[in-house]
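Breakdown of the fold
If you want the building blocks of each chain, they are given just below.
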Amino acid sequence: MDLNTIKSDGIGGAAGEPAMLPTTAKKVFIKTYGCQMNVYDSQRMGDALAADGYTATDAIGEADLVLLNTCHIREKAAEKVYSELGRIRDMKAERASTGREMVIGVAGCVAQAEGAEIIRRSPAVDLVIGPQTYHRLPSVLARVRGGEKIVETDYAIEDKFDHLPRPERAEIIKRGVTAFLTVQEGCDKFCTFCVVPYTRGSEVSRPAARIVAEAERLAEAGVREVTLLGQNVNAWHGQGPDGKEWGLGRLLSRLAEIPGLARLRYTTSHPRDMDDELIAAHRDLAALMPYLHLPVQSGSDRILKAMNRRHTAKDYLALLDRIRAARPDIALSGDFIVGFPGETEADFEATMDLVRQVNYASAFSFKYSPRPGTPGAEMADHVSEAVKDERLQRLQALLLKQQQDFGSSLVGGVIDTLIEKPGRQAGQKVGRSPWLQPVIVDEKAGEIGDIIKVRITKTGYNSLFAELA
Ligand code: 5AD
Ligand code: SF4
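Note that the structure is predicted; figures quoted are calculated from it, not measured.

**A look at the overall build of the protein**
Check the secondary structure of the protein and you find 16 helices and 21 strands. Its C-alpha atoms give the protein a radius of gyration of 23 Å, near enough to 23 Å, the size a compact globule of 469 residues would have. Along the first, second and third principal axes, the C-alpha atoms of the protein reach 60 × 60 × 50 Å. Buried residues in the protein amount to 57% of all 469 residues. Excluding contacts between residues fewer than 6 apart, the proportion of contacts in the protein whose partners are at least 24 apart in sequence is 72%. Accessible surface computed for the protein: about 19,600 Å², of which carbon and sulfur atoms make up 52%. Averaging the positions of the 60 positive and the 64 negative side-chain charges in the protein gives two centres separated by 2 Å.

**What about the sheet that holds strand β15 (residues 331–338)?**
Taken together, the three strands give an open sheet; going across it, the order is β14-β15-β16, and neighbouring strands pair in parallel fashion. The strands lining the two open edges of the sheet, one partner per strand, are β14 (291–293) and β16 (362–367). Averaged over all neighbouring strand pairs, the angle between strand axes comes to 10 degrees, with direction disregarded. Bridge analysis of β14 against β15 gives three bridges, and the strand direction is parallel. Bridge assignment links Tyr291 to a residue of β15, and that residue is Ala331.

**Side note on the side chain of Ser300**
By the secondary structure assignment, Ser300 is in the loop between β14 and α12 (301–306). When sequence neighbours within four positions are dropped, the list of residues in contact with Ser300 reads Asp347, Ala350 and Thr351.

**Here's the deal with unusual backbone geometry**
Cis peptide bonds are those with omega within 30 degrees of zero, and the linkage from Thr267 to Thr268 qualifies with 5 degrees. One non-glycine residue, Asn308, lies in positive phi territory at about 60 degrees. Following the sequence through the fold, Asn308 ends up in the loop between α12 and α13 (313–326). Residue Asn308 is classed as partly exposed on the basis of its relative accessible area, which comes to 26%.

**Focus: the pairing of strand β21 (residues 464–468)**
Pairing of strand β19 (residues 438–442) with β21 involves two bridges; the strand directions are parallel. Bridge assignment links Ile440 to a residue of β21, and that residue is Phe465.

**Points about the packing of α13 against helix α14 (residues 345–358)**
Close contact between α13 and α14 brings their axes to 11 Å; oriented N to C, the two are set at 10 degrees. In terms of axis orientation, α13 runs roughly parallel to α14. In contact with Ala313, Tyr316, Leu317, Leu320 and Arg324 of α13, α14 contributes Leu354, Gln357 and Val358.

**Some remarks on helix α5 (residues 137–145)**
Within the span of α5, buried status applies to Leu137, Val140, Leu141 and Val144. Viewed along the axis of α5, the buried residues span an arc of 100 degrees, placing them on a single side of the element. Against α1 (36–51), β2 (54–56), β3 (65–70), β4 (103–107), β5 (127–129) and β6 (150–152) lie the buried residues of α5. Just beyond α5, the residue with positive phi is Gly147, at close to 100 degrees.

**Examining helix α9 (residues 208–220)**
Compared with an ideal rise of 1.5 Å per residue, which puts 13 residues at 18 Å, α9 spans 18 Å between its outermost C-alpha atoms and is within 8% of the ideal. Listed as buried for α9 are Ala208, Ile211, Val212, Glu214, Ala215, Leu218 and Ala219. Taken end-on, α9 shows its buried residues confined to a sector of 165 degrees, consistent with a single buried face. Away from its buried face by more than 90 degrees, α9 exposes Ala209 and Glu220. One or two steps after α9, the chain reaches Gly222, where phi turns positive at roughly 105 degrees.

**What about the environment of Val338?**
Note on placement: Val338 falls in strand β15. Accessibility expressed as a relative area gives 1% for Val338, which makes it buried. C-alpha of Val338 to C-alpha of Thr351: the two residues are 13 residues apart in sequence and 8.8 Å apart in space. Beyond its immediate chain neighbours, meaning those up to four positions away, Val338 contacts Glu343, Phe348, Phe366, Lys367, Tyr368, Lys388, Arg391, Leu392 and Leu395.

Quick notes on the rules
- Residues numbered from 1 in each chain as written.
- Chains lettered and ligands numbered in written order.
- Predicted model: local features only at pLDDT ≥ 70, side-chain atom pairs only at ≥ 80, totals over all residues.
- Heavy atoms only, no water.
- Helix = DSSP H or I, 4+ residues; strand = E, 2+ residues; numbered from the N terminus.
- Rg over C-alpha atoms; globule rule 2.2 N^0.38 Å.
- Buried < 20%, exposed > 50% of the residue type's maximum accessible area, 1.4 Å probe, protein only.
- Contact = heavy atoms within 4.5 Å.
- Areas by Shrake-Rupley, 256 points an atom, 1.4 Å probe, with all protein chains shown as cover.
- Lys, Arg positive; Asp, Glu negative; His and termini not counted.
- Charge placed at Lys NZ, Arg CZ, Asp CG, Glu CD.
- Pairing = 2+ DSSP bridges.
- Axes fitted to C-alpha atoms, helices over the stretch in contact; angles between N-to-C directions.
- Parallel < 35°, antiparallel > 145°, perpendicular 65-115°, else oblique.
- Arc of directions from axis to C-beta.
- Expected span 1.5 Å × (residues − 1).

In C-alpha coordinates:
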(Lines give C-alpha, C1' and ligand atoms only; values in the text may rest on other atoms or scores of the structure.)
(Ligands and ions follow the chains in the order given, each with its own letter.)
Protein backbone atom coordinates (compact mmCIF):
# COMPACT_ATOMS: atom_id res chain seq x y z
CA MET A 1 0.00 0.00 0.00
CA ASP A 2 1.79 2.80 0.90
CA LEU A 3 -0.95 5.41 1.06
CA ASN A 4 0.63 8.56 2.44
CA THR A 5 0.03 8.84 6.07
CA ILE A 6 -1.67 12.03 7.01
CA LYS A 7 -3.41 12.97 10.17
CA SER A 8 -6.72 14.66 10.12
CA ASP A 9 -8.34 15.03 13.45
CA GLY A 10 -11.98 15.48 14.09
CA ILE A 11 -13.36 15.14 10.62
CA GLY A 12 -16.99 15.60 11.27
CA GLY A 13 -19.31 13.09 9.72
CA ALA A 14 -21.77 14.57 7.33
CA ALA A 15 -24.53 17.05 7.61
CA GLY A 16 -27.25 16.09 5.16
CA GLU A 17 -29.88 18.50 3.89
CA PRO A 18 -30.57 20.38 7.13
CA ALA A 19 -34.16 21.15 6.17
CA MET A 20 -35.00 17.46 5.94
CA LEU A 21 -33.61 16.56 9.33
CA PRO A 22 -35.65 16.32 12.49
CA THR A 23 -34.81 19.10 14.92
CA THR A 24 -33.65 16.55 17.47
CA ALA A 25 -31.03 15.17 15.06
CA LYS A 26 -28.37 13.11 16.76
CA LYS A 27 -24.78 14.25 16.47
CA VAL A 28 -21.75 12.27 15.39
CA PHE A 29 -18.10 13.03 15.96
CA ILE A 30 -15.68 11.13 13.74
CA LYS A 31 -11.94 11.16 14.36
CA THR A 32 -9.79 9.89 11.52
CA TYR A 33 -6.32 8.42 11.86
CA GLY A 34 -3.95 7.23 9.14
CA CYS A 35 -4.15 7.36 5.39
CA GLN A 36 -6.35 9.07 2.80
CA MET A 37 -8.44 5.96 2.46
CA ASN A 38 -9.54 6.39 6.04
CA VAL A 39 -10.43 10.01 5.26
CA TYR A 40 -12.58 8.81 2.38
CA ASP A 41 -14.10 6.05 4.52
CA SER A 42 -14.93 8.54 7.27
CA GLN A 43 -16.76 10.67 4.73
CA ARG A 44 -18.71 7.67 3.49
CA MET A 45 -19.60 6.66 7.05
CA GLY A 46 -20.69 10.26 7.53
CA ASP A 47 -22.91 9.95 4.44
CA ALA A 48 -24.45 6.73 5.77
CA LEU A 49 -25.10 8.37 9.12
CA ALA A 50 -26.52 11.53 7.53
CA ALA A 51 -29.05 9.33 5.75
CA ASP A 52 -29.81 7.87 9.19
CA GLY A 53 -30.52 11.34 10.66
CA TYR A 54 -27.16 12.27 12.17
CA THR A 55 -25.45 15.63 11.80
CA ALA A 56 -21.71 16.11 12.19
CA THR A 57 -20.14 17.89 15.11
CA ASP A 58 -16.57 18.95 15.85
CA ALA A 59 -17.31 19.05 19.59
CA ILE A 60 -16.83 15.58 20.96
CA GLY A 61 -18.64 16.40 24.21
CA GLU A 62 -21.85 17.08 22.25
CA ALA A 63 -21.74 13.82 20.33
CA ASP A 64 -24.35 11.09 20.69
CA LEU A 65 -22.02 8.90 18.65
CA VAL A 66 -18.21 8.98 18.68
CA LEU A 67 -16.42 7.03 15.98
CA LEU A 68 -12.66 6.50 15.90
CA ASN A 69 -11.55 5.49 12.41
CA THR A 70 -8.24 3.89 13.28
CA CYS A 71 -4.94 2.99 11.64
CA HIS A 72 -2.81 -0.07 12.36
CA ILE A 73 0.08 0.45 9.97
CA ARG A 74 2.85 1.31 12.42
CA GLU A 75 3.85 1.46 16.04
CA LYS A 76 1.66 1.58 18.99
CA ALA A 77 -1.30 2.68 16.90
CA ALA A 78 -3.54 0.36 18.87
CA GLU A 79 -2.14 1.70 22.15
CA LYS A 80 -2.96 5.25 21.09
CA VAL A 81 -6.53 4.18 20.41
CA TYR A 82 -6.81 2.62 23.86
CA SER A 83 -5.59 5.76 25.59
CA GLU A 84 -7.97 7.90 23.51
CA LEU A 85 -10.76 5.52 24.49
CA GLY A 86 -9.88 6.10 28.15
CA ARG A 87 -10.52 9.83 27.71
CA ILE A 88 -13.74 9.27 25.78
CA ARG A 89 -14.99 6.84 28.44
CA ASP A 90 -14.82 9.69 30.96
CA MET A 91 -16.87 11.93 28.67
CA LYS A 92 -19.38 9.15 28.23
CA ALA A 93 -19.73 8.90 32.01
CA GLU A 94 -20.16 12.65 32.28
CA ARG A 95 -22.92 12.67 29.66
CA ALA A 96 -24.58 9.71 31.34
CA SER A 97 -24.72 11.71 34.60
CA THR A 98 -26.89 14.26 32.78
CA GLY A 99 -29.10 11.58 31.26
CA ARG A 100 -27.61 11.70 27.76
CA GLU A 101 -26.06 8.74 26.04
CA MET A 102 -22.82 8.52 24.08
CA VAL A 103 -22.31 5.51 21.83
CA ILE A 104 -18.63 4.74 21.23
CA GLY A 105 -17.54 2.97 18.06
CA VAL A 106 -14.13 1.86 16.83
CA ALA A 107 -13.78 1.50 13.05
CA GLY A 108 -10.86 1.02 10.68
CA CYS A 109 -7.83 -1.23 10.73
CA VAL A 110 -7.37 -1.52 14.50
CA ALA A 111 -11.02 -2.61 14.68
CA GLN A 112 -10.36 -5.23 12.02
CA ALA A 113 -7.16 -6.47 13.66
CA GLU A 114 -8.23 -6.43 17.30
CA GLY A 115 -11.96 -7.23 17.06
CA ALA A 116 -13.62 -8.21 20.33
CA GLU A 117 -10.38 -7.57 22.24
CA ILE A 118 -11.24 -3.85 22.04
CA ILE A 119 -14.48 -4.28 24.01
CA ARG A 120 -12.72 -6.60 26.46
CA ARG A 121 -10.07 -3.97 27.20
CA SER A 122 -12.37 -0.94 26.88
CA PRO A 123 -15.83 -1.98 28.05
CA ALA A 124 -17.20 1.52 27.33
CA VAL A 125 -16.95 0.70 23.61
CA ASP A 126 -20.32 -0.28 22.14
CA LEU A 127 -19.34 -1.32 18.65
CA VAL A 128 -16.32 -2.44 16.66
CA ILE A 129 -16.69 -2.27 12.90
CA GLY A 130 -14.16 -3.24 10.22
CA PRO A 131 -13.62 -1.35 6.95
CA GLN A 132 -15.58 -3.81 4.80
CA THR A 133 -18.86 -3.45 6.69
CA TYR A 134 -19.41 0.31 6.97
CA HIS A 135 -22.61 0.08 4.94
CA ARG A 136 -24.08 -1.88 7.85
CA LEU A 137 -23.47 0.97 10.28
CA PRO A 138 -27.12 2.16 10.51
CA SER A 139 -28.46 -1.35 11.22
CA VAL A 140 -25.62 -2.04 13.64
CA LEU A 141 -26.45 1.20 15.49
CA ALA A 142 -30.08 0.18 15.75
CA ARG A 143 -28.96 -3.01 17.50
CA VAL A 144 -26.62 -1.04 19.78
CA ARG A 145 -29.60 1.10 20.80
CA GLY A 146 -31.34 -2.16 21.69
CA GLY A 147 -28.59 -2.77 24.21
CA GLU A 148 -26.24 -5.07 22.28
CA LYS A 149 -22.45 -4.78 22.07
CA ILE A 150 -21.42 -5.49 18.50
CA VAL A 151 -18.28 -6.67 16.74
CA GLU A 152 -18.67 -6.62 12.96
CA THR A 153 -15.36 -7.49 11.33
CA ASP A 154 -16.15 -10.12 8.72
CA TYR A 155 -15.32 -9.48 5.08
CA ALA A 156 -18.83 -8.89 3.82
CA ILE A 157 -19.85 -10.81 0.69
CA GLU A 158 -21.77 -7.83 -0.63
CA ASP A 159 -19.86 -4.79 -1.94
CA LYS A 160 -20.09 -2.03 0.64
CA PHE A 161 -19.90 0.61 -2.10
CA ASP A 162 -23.17 -0.70 -3.57
CA HIS A 163 -24.88 -0.13 -0.25
CA LEU A 164 -23.37 3.11 1.01
CA PRO A 165 -25.52 6.12 0.12
CA ARG A 166 -24.13 8.63 -2.35
CA PRO A 167 -23.02 11.88 -0.76
CA GLU A 168 -25.46 14.76 -1.19
CA ARG A 169 -24.43 17.52 -3.59
CA ALA A 170 -24.35 20.02 -0.72
CA GLU A 171 -22.03 17.72 1.17
CA ILE A 172 -19.61 17.38 -1.79
CA ILE A 173 -19.53 21.17 -2.15
CA LYS A 174 -18.83 21.58 1.55
CA ARG A 175 -15.86 19.21 1.30
CA GLY A 176 -14.19 21.41 -1.31
CA VAL A 177 -12.81 21.34 -4.83
CA THR A 178 -10.50 18.37 -4.30
CA ALA A 179 -11.81 14.92 -3.51
CA PHE A 180 -10.73 11.35 -2.89
CA LEU A 181 -12.32 8.44 -4.70
CA THR A 182 -11.55 4.86 -3.67
CA VAL A 183 -11.20 2.64 -6.75
CA GLN A 184 -9.48 -0.38 -5.25
CA GLU A 185 -9.07 -1.83 -1.82
CA GLY A 186 -6.94 -4.49 -0.24
CA CYS A 187 -3.61 -5.93 -1.26
CA ASP A 188 -2.26 -9.28 -2.43
CA LYS A 189 1.41 -8.30 -2.35
CA PHE A 190 2.24 -9.39 1.20
CA CYS A 191 5.31 -7.28 1.80
CA THR A 192 6.72 -8.93 4.91
CA PHE A 193 6.55 -5.76 7.04
CA CYS A 194 2.97 -4.87 6.19
CA VAL A 195 -0.28 -5.53 7.98
CA VAL A 196 -2.54 -4.25 5.19
CA PRO A 197 -3.24 -7.59 3.47
CA TYR A 198 -4.56 -8.79 6.84
CA THR A 199 -6.58 -5.70 7.81
CA ARG A 200 -7.96 -4.66 4.42
CA GLY A 201 -8.15 -8.11 2.87
CA SER A 202 -7.33 -9.18 -0.67
CA GLU A 203 -7.40 -6.91 -3.69
CA VAL A 204 -10.82 -5.82 -4.94
CA SER A 205 -11.38 -3.35 -7.78
CA ARG A 206 -14.57 -1.35 -8.06
CA PRO A 207 -16.30 -1.52 -11.47
CA ALA A 208 -15.28 1.17 -13.99
CA ALA A 209 -18.85 2.37 -14.55
CA ARG A 210 -19.33 3.04 -10.83
CA ILE A 211 -16.09 4.96 -10.60
CA VAL A 212 -16.93 7.06 -13.67
CA ALA A 213 -20.41 7.81 -12.28
CA GLU A 214 -18.97 8.86 -8.92
CA ALA A 215 -16.35 11.07 -10.59
CA GLU A 216 -19.04 12.68 -12.78
CA ARG A 217 -21.10 13.42 -9.71
CA LEU A 218 -18.11 15.00 -8.00
CA ALA A 219 -17.36 17.12 -11.07
CA GLU A 220 -20.99 18.27 -11.36
CA ALA A 221 -20.79 19.50 -7.78
CA GLY A 222 -17.70 21.57 -8.60
CA VAL A 223 -14.82 19.24 -7.74
CA ARG A 224 -11.81 20.08 -9.94
CA GLU A 225 -9.26 17.53 -8.75
CA VAL A 226 -9.82 13.86 -7.94
CA THR A 227 -7.30 11.53 -6.33
CA LEU A 228 -8.01 7.88 -6.99
CA LEU A 229 -7.24 5.80 -3.92
CA GLY A 230 -6.21 2.21 -3.45
CA GLN A 231 -3.79 0.34 -1.24
CA ASN A 232 -2.36 -0.88 -4.50
CA VAL A 233 -4.11 1.50 -6.83
CA ASN A 234 -2.21 0.71 -9.99
CA ALA A 235 -3.30 -2.92 -9.72
CA TRP A 236 -6.83 -1.65 -10.40
CA HIS A 237 -8.46 -3.49 -13.28
CA GLY A 238 -12.00 -4.03 -14.37
CA GLN A 239 -14.40 -4.38 -17.24
CA GLY A 240 -14.93 -1.12 -19.10
CA PRO A 241 -18.24 -0.08 -20.68
CA ASP A 242 -16.81 -1.35 -23.98
CA GLY A 243 -16.72 -4.87 -22.52
CA LYS A 244 -12.92 -4.90 -22.59
CA GLU A 245 -10.64 -5.36 -19.61
CA TRP A 246 -9.37 -1.96 -18.46
CA GLY A 247 -6.31 -1.07 -16.43
CA LEU A 248 -5.73 2.14 -14.49
CA GLY A 249 -4.25 3.95 -17.53
CA ARG A 250 -7.45 3.37 -19.51
CA LEU A 251 -9.60 4.39 -16.56
CA LEU A 252 -7.64 7.64 -16.17
CA SER A 253 -8.13 8.41 -19.88
CA ARG A 254 -11.88 8.01 -19.44
CA LEU A 255 -11.95 10.18 -16.31
CA ALA A 256 -9.93 12.87 -18.11
CA GLU A 257 -12.90 13.29 -20.49
CA ILE A 258 -15.27 14.39 -17.71
CA PRO A 259 -16.12 18.08 -18.13
CA GLY A 260 -14.87 20.23 -15.25
CA LEU A 261 -12.49 17.62 -13.90
CA ALA A 262 -9.16 19.33 -14.53
CA ARG A 263 -6.79 17.29 -12.43
CA LEU A 264 -6.30 13.61 -11.69
CA ARG A 265 -3.96 11.81 -9.32
CA TYR A 266 -3.69 8.29 -7.97
CA THR A 267 -2.08 6.80 -4.90
CA THR A 268 -0.51 4.51 -3.84
CA SER A 269 1.29 2.47 -6.41
CA HIS A 270 3.53 -0.57 -6.36
CA PRO A 271 6.46 -0.51 -8.81
CA ARG A 272 5.51 -3.97 -10.11
CA ASP A 273 2.13 -2.71 -11.33
CA MET A 274 3.29 0.30 -13.40
CA ASP A 275 2.30 -1.03 -16.83
CA ASP A 276 2.95 0.53 -20.27
CA GLU A 277 -0.56 1.93 -20.57
CA LEU A 278 -0.28 3.72 -17.25
CA ILE A 279 3.12 5.16 -18.15
CA ALA A 280 1.68 6.30 -21.50
CA ALA A 281 -1.17 8.01 -19.61
CA HIS A 282 1.46 10.20 -17.96
CA ARG A 283 2.62 11.21 -21.45
CA ASP A 284 -0.83 11.66 -22.99
CA LEU A 285 -3.12 13.09 -20.32
CA ALA A 286 -2.69 16.76 -19.45
CA ALA A 287 -5.08 16.22 -16.54
CA LEU A 288 -2.84 13.60 -14.95
CA MET A 289 -0.66 15.61 -12.59
CA PRO A 290 3.12 15.23 -12.99
CA TYR A 291 3.60 13.83 -9.52
CA LEU A 292 3.90 10.19 -8.61
CA HIS A 293 4.09 8.53 -5.22
CA LEU A 294 6.00 5.33 -5.93
CA PRO A 295 7.37 3.77 -2.75
CA VAL A 296 10.53 1.70 -2.89
CA GLN A 297 11.07 1.16 0.88
CA SER A 298 14.78 0.30 0.57
CA GLY A 299 17.69 0.63 -1.86
CA SER A 300 19.27 -2.68 -0.87
CA ASP A 301 18.43 -5.72 -3.00
CA ARG A 302 18.99 -8.01 -0.03
CA ILE A 303 16.47 -6.09 2.07
CA LEU A 304 14.05 -5.69 -0.83
CA LYS A 305 14.10 -9.48 -1.15
CA ALA A 306 13.53 -9.97 2.57
CA MET A 307 10.66 -7.49 2.32
CA ASN A 308 9.17 -9.55 -0.53
CA ARG A 309 8.98 -6.47 -2.74
CA ARG A 310 9.81 -8.64 -5.76
CA HIS A 311 11.96 -6.08 -7.57
CA THR A 312 15.53 -4.83 -7.29
CA ALA A 313 16.84 -1.29 -6.86
CA LYS A 314 17.94 -1.40 -10.50
CA ASP A 315 14.43 -2.42 -11.64
CA TYR A 316 13.04 0.57 -9.77
CA LEU A 317 15.53 3.02 -11.29
CA ALA A 318 14.94 1.62 -14.79
CA LEU A 319 11.20 2.06 -14.27
CA LEU A 320 11.72 5.69 -13.22
CA ASP A 321 13.73 6.25 -16.42
CA ARG A 322 10.77 5.07 -18.48
CA ILE A 323 8.32 7.21 -16.51
CA ARG A 324 10.54 10.28 -16.82
CA ALA A 325 10.93 9.68 -20.55
CA ALA A 326 7.13 9.76 -20.82
CA ARG A 327 6.70 12.82 -18.59
CA PRO A 328 9.94 14.74 -18.10
CA ASP A 329 8.55 17.19 -15.52
CA ILE A 330 7.28 14.41 -13.24
CA ALA A 331 8.25 14.76 -9.60
CA LEU A 332 8.62 11.72 -7.41
CA SER A 333 7.64 10.87 -3.92
CA GLY A 334 8.35 7.70 -1.99
CA ASP A 335 8.09 5.74 1.24
CA PHE A 336 11.11 4.34 3.08
CA ILE A 337 11.57 1.99 5.99
CA VAL A 338 14.82 2.02 7.95
CA GLY A 339 15.90 -0.74 10.29
CA PHE A 340 14.08 -3.67 8.71
CA PRO A 341 15.36 -6.89 10.37
CA GLY A 342 18.86 -7.72 9.15
CA GLU A 343 19.52 -4.22 7.70
CA THR A 344 23.27 -3.53 7.90
CA GLU A 345 25.04 -0.22 7.54
CA ALA A 346 25.86 -1.21 3.94
CA ASP A 347 22.17 -1.91 3.23
CA PHE A 348 21.23 1.45 4.65
CA GLU A 349 23.92 3.17 2.57
CA ALA A 350 22.38 1.54 -0.51
CA THR A 351 19.11 3.27 0.39
CA MET A 352 20.92 6.61 0.75
CA ASP A 353 22.53 6.02 -2.66
CA LEU A 354 19.22 5.29 -4.29
CA VAL A 355 17.71 8.45 -2.80
CA ARG A 356 20.65 10.48 -4.15
CA GLN A 357 20.12 8.98 -7.60
CA VAL A 358 16.35 9.53 -7.70
CA ASN A 359 16.15 12.99 -6.16
CA TYR A 360 12.71 12.99 -4.54
CA ALA A 361 10.39 15.99 -4.42
CA SER A 362 8.92 14.65 -1.20
CA ALA A 363 8.99 11.46 0.82
CA PHE A 364 7.79 9.66 3.91
CA SER A 365 10.23 7.64 5.98
CA PHE A 366 9.64 5.42 8.97
CA LYS A 367 11.44 3.25 11.47
CA TYR A 368 10.52 -0.38 10.98
CA SER A 369 7.87 -1.38 13.47
CA PRO A 370 7.10 -5.09 13.88
CA ARG A 371 3.43 -5.78 13.22
CA PRO A 372 2.05 -8.83 15.00
CA GLY A 373 1.18 -11.59 12.55
CA THR A 374 3.44 -10.39 9.73
CA PRO A 375 6.51 -12.42 8.64
CA GLY A 376 8.86 -9.52 9.38
CA ALA A 377 7.98 -9.61 13.06
CA GLU A 378 9.25 -13.23 13.22
CA MET A 379 12.57 -12.54 11.50
CA ALA A 380 15.95 -12.67 13.21
CA ASP A 381 18.37 -9.76 13.66
CA HIS A 382 16.04 -6.98 14.68
CA VAL A 383 17.81 -3.63 14.55
CA SER A 384 18.12 -1.66 17.78
CA GLU A 385 15.99 1.46 18.29
CA ALA A 386 19.13 3.57 18.64
CA VAL A 387 20.40 2.48 15.23
CA LYS A 388 16.97 2.96 13.67
CA ASP A 389 16.81 6.48 15.13
CA GLU A 390 20.22 7.37 13.82
CA ARG A 391 19.51 6.03 10.30
CA LEU A 392 16.13 7.72 10.16
CA GLN A 393 17.74 11.05 11.03
CA ARG A 394 20.32 10.73 8.28
CA LEU A 395 17.74 9.68 5.71
CA GLN A 396 15.30 12.42 6.67
CA ALA A 397 18.00 15.08 6.49
CA LEU A 398 18.77 14.01 2.92
CA LEU A 399 15.10 13.81 1.92
CA LEU A 400 14.35 17.21 3.47
CA LYS A 401 17.24 18.76 1.57
CA GLN A 402 15.90 17.29 -1.68
CA GLN A 403 12.40 18.53 -0.92
CA GLN A 404 13.68 22.05 -0.23
CA ASP A 405 15.85 22.03 -3.35
CA PHE A 406 12.81 21.01 -5.36
CA GLY A 407 10.82 23.94 -3.95
CA SER A 408 13.67 26.36 -4.60
CA SER A 409 14.00 25.16 -8.19
CA LEU A 410 10.48 26.47 -8.81
CA VAL A 411 11.18 30.04 -7.65
CA GLY A 412 10.88 32.53 -10.52
CA GLY A 413 8.93 30.08 -12.66
CA VAL A 414 5.24 30.13 -13.61
CA ILE A 415 3.03 27.23 -12.56
CA ASP A 416 -0.67 26.31 -12.54
CA THR A 417 -2.36 26.51 -9.18
CA LEU A 418 -5.78 25.26 -8.17
CA ILE A 419 -7.26 27.69 -5.64
CA GLU A 420 -8.55 25.55 -2.79
CA LYS A 421 -9.51 27.55 0.28
CA PRO A 422 -9.09 30.79 2.23
CA GLY A 423 -5.64 31.20 3.74
CA ARG A 424 -4.89 31.12 7.44
CA GLN A 425 -3.99 34.81 7.28
CA ALA A 426 -6.46 37.45 6.19
CA GLY A 427 -6.09 38.55 2.59
CA GLN A 428 -4.67 35.20 1.44
CA LYS A 429 -5.93 32.16 -0.38
CA VAL A 430 -4.26 28.75 -0.55
CA GLY A 431 -3.87 26.87 -3.77
CA ARG A 432 -2.33 23.55 -4.71
CA SER A 433 0.57 23.12 -7.09
CA PRO A 434 0.76 20.24 -9.59
CA TRP A 435 3.20 18.66 -7.09
CA LEU A 436 0.86 18.96 -4.11
CA GLN A 437 2.61 21.90 -2.43
CA PRO A 438 0.35 24.50 -0.82
CA VAL A 439 0.67 27.78 -2.78
CA ILE A 440 -0.07 31.00 -0.89
CA VAL A 441 -1.52 33.78 -3.08
CA ASP A 442 -3.35 37.07 -2.61
CA GLU A 443 -7.04 36.39 -2.06
CA LYS A 444 -7.91 38.45 -5.12
CA ALA A 445 -5.79 36.19 -7.36
CA GLY A 446 -8.81 34.01 -8.10
CA GLU A 447 -11.91 32.26 -6.83
CA ILE A 448 -11.95 28.87 -5.14
CA GLY A 449 -11.97 26.24 -7.89
CA ASP A 450 -10.10 28.44 -10.39
CA ILE A 451 -6.87 27.18 -11.89
CA ILE A 452 -4.60 30.17 -12.33
CA LYS A 453 -1.09 30.82 -13.54
CA VAL A 454 1.17 32.14 -10.81
CA ARG A 455 4.82 33.10 -10.53
CA ILE A 456 6.60 31.59 -7.53
CA THR A 457 8.29 34.32 -5.48
CA LYS A 458 9.72 32.35 -2.55
CA THR A 459 9.44 29.10 -0.63
CA GLY A 460 8.16 28.47 2.88
CA TYR A 461 8.95 25.42 4.98
CA ASN A 462 6.45 23.25 3.19
CA SER A 463 4.75 25.73 0.88
CA LEU A 464 5.28 28.18 -1.97
CA PHE A 465 4.46 31.89 -2.12
CA ALA A 466 3.28 33.23 -5.45
CA GLU A 467 1.78 36.16 -7.33
CA LEU A 468 -0.54 36.23 -10.30
CA ALA A 469 1.52 35.76 -13.47
N1 5AD B 1 6.93 -0.44 9.87
C2 5AD B 1 7.31 0.77 9.37
N3 5AD B 1 6.76 1.32 8.29
C4 5AD B 1 5.77 0.64 7.68
N5 5AD B 1 5.04 0.93 6.61
C6 5AD B 1 4.16 -0.07 6.41
N7 5AD B 1 4.32 -1.03 7.34
C8 5AD B 1 5.32 -0.61 8.15
C9 5AD B 1 5.94 -1.15 9.28
N10 5AD B 1 5.60 -2.33 9.78
C11 5AD B 1 5.24 2.12 5.81
C12 5AD B 1 5.67 1.77 4.40
C13 5AD B 1 4.42 2.05 3.64
C14 5AD B 1 3.84 3.21 4.42
C15 5AD B 1 2.40 3.49 4.21
O16 5AD B 1 4.04 2.84 5.74
O17 5AD B 1 6.70 2.62 3.99
O18 5AD B 1 4.69 2.38 2.30
FE1 SF4 C 1 1.72 -1.81 0.09
FE2 SF4 C 1 3.20 -4.05 0.33
FE3 SF4 C 1 1.49 -3.35 2.28
FE4 SF4 C 1 0.53 -4.23 -0.07
S5 SF4 C 1 1.72 -5.42 1.40
S6 SF4 C 1 -0.22 -2.49 1.12
S7 SF4 C 1 2.10 -3.38 -1.49
S8 SF4 C 1 3.33 -2.18 1.58
